[in-house]
Amino acid sequence: MTGLILDAVLMLLLVAALGYGVRLERKLATLRQGQTDFARAVGELNAAAGRAEAALGSLRVASQETDLLHDRILKAQALKLELEALTARTERGVAPAVPAAREPVREPPLREEARPGRSAPGSLAERIQALAAGEASGRNNLRAIVQAMTANQAAKQSLNQARRRLDDDLFAA
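Residues numbered from 1 in each chain as written. Predicted model: local features only at pLDDT ≥ 70, side-chain atom pairs only at ≥ 80, totals over all residues. Heavy atoms only, no water.

### Observations concerning the overall build of the protein
Reasoning step 1: Looking only at helices and strands, one finds 3 helices and 0 strands in the protein.
Reasoning step 2: Starting at the N terminus and ending at the C terminus, the protein contains elements arranged as α-α-α.
Reasoning step 3: For the protein, the proportion of its 173 residues judged to be buried stands at 12%.
Reasoning step 4: Pairs at least 24 residues apart make up 56% of the contacts formed inside the protein by residues separated by at least 6 positions. (Helix = DSSP H or I, 4+ residues; strand = E, 2+ residues; numbered from the N terminus. Buried < 20%, exposed > 50% of the residue type's maximum accessible area, 1.4 Å probe, protein only. Contact = heavy atoms within 4.5 Å.)

The following block contains the structure:
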């Protein structure tokens with residue numbers, strides 16, 4: 001009988017150990033699943049960090065390009081203002097400054113009817129025709145006007161080119 005009681009106690013202990021083992025197996029399975037999920041999350045975090053690093057690199061490059069573009073825009077604006085000033089001067093009949101290698105263009109002297117306070121001829125073409133019909137000094141004035149008109153046209157072309165480059169730079173950004 002003592003053997004039977006000992007066998008019953010041993011069976012109860014084995015059933016308890018078996019129940020504890022099943023319970024422990026479930027906890028270990030949950031732990032393994034958590035570990036797998038954690039490893040996957042670490043992998044995704046690593047990939048996100050790599051993408052963020054690449055984005056930072058492209059942001060740095062874009063920042064440098066933006067600085068370069070900003071410098072180009074400032075230069076283009078300065079050039080535009082300079083060209084507009086040259087255009088305005090040539091439209092007023094004032095010849096722009098010419099480099100020293102060329103013959104300097106002198107402003108034509110004001111004729112009696114073009115002096116301040118009096119009415120000037122209506123258009124540049126009328127002034128040119130009046131000068132062409134005039135005396136020899138008119139020929140010098142005519143040459144100055146033609147040079148001013150040529151400089152005006154060159155300034156307008158340069159201004160248009162600068163505006164196109166500025167537009168291209170702005171749209172390229």
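Here the narrative resumes.
### A closer look at the pattern of salt bridges
A side chain of one charge can pair with a side chain of the opposite charge if their charged atoms are brought near each other.
Reasoning step 1: For the structure shown, the criterion picks out 3 salt bridges.
Reasoning step 2: The closest approach of N and O atoms between Arg32 and Glu25, which form a salt bridge, is 3.7 Å.
Reasoning step 3: The exposure class of Glu25 is partly exposed, given its relative accessible area of 42%.
Reasoning step 4: Between Glu84 and Lys80 there is a salt bridge, with the nearest N and O atoms lying 3.6 Å from each other. Of this pair, Glu84 and Lys80 both sit in helix 1 (residues 2–91), 4 residues apart, which is roughly one turn of that helix.
Reasoning step 5: For Glu84, a relative accessible area of 28% translates into the label partly exposed. (Salt bridge = Lys/Arg side-chain N within 4 Å of Asp/Glu carboxyl O.)

### A few points about helix 1
Reasoning step 1: Over its 90 residues, helix 1 extends 129 Å from the first C-alpha to the last, a length consistent with the 134 Å expected when each residue adds 1.5 Å.
Reasoning step 2: Within the span of helix 1, buried status applies to Leu69, Ile73, Ala76, Leu83, Thr87 and Thr90. (Expected span 1.5 Å × (residues − 1).)

### Side note on the environment of Asp169
Reasoning step 1: Topologically, Asp169 is positioned in helix 3 (residues 136–172).
Reasoning step 2: In this structure, the C-alpha to C-alpha distance between Asp169 and Leu69, residues 100 residues apart in sequence, is 7.1 Å.
Reasoning step 3: Aside from chain neighbours lying at most four places away, what touches Asp169 is Leu69 and Arg72.

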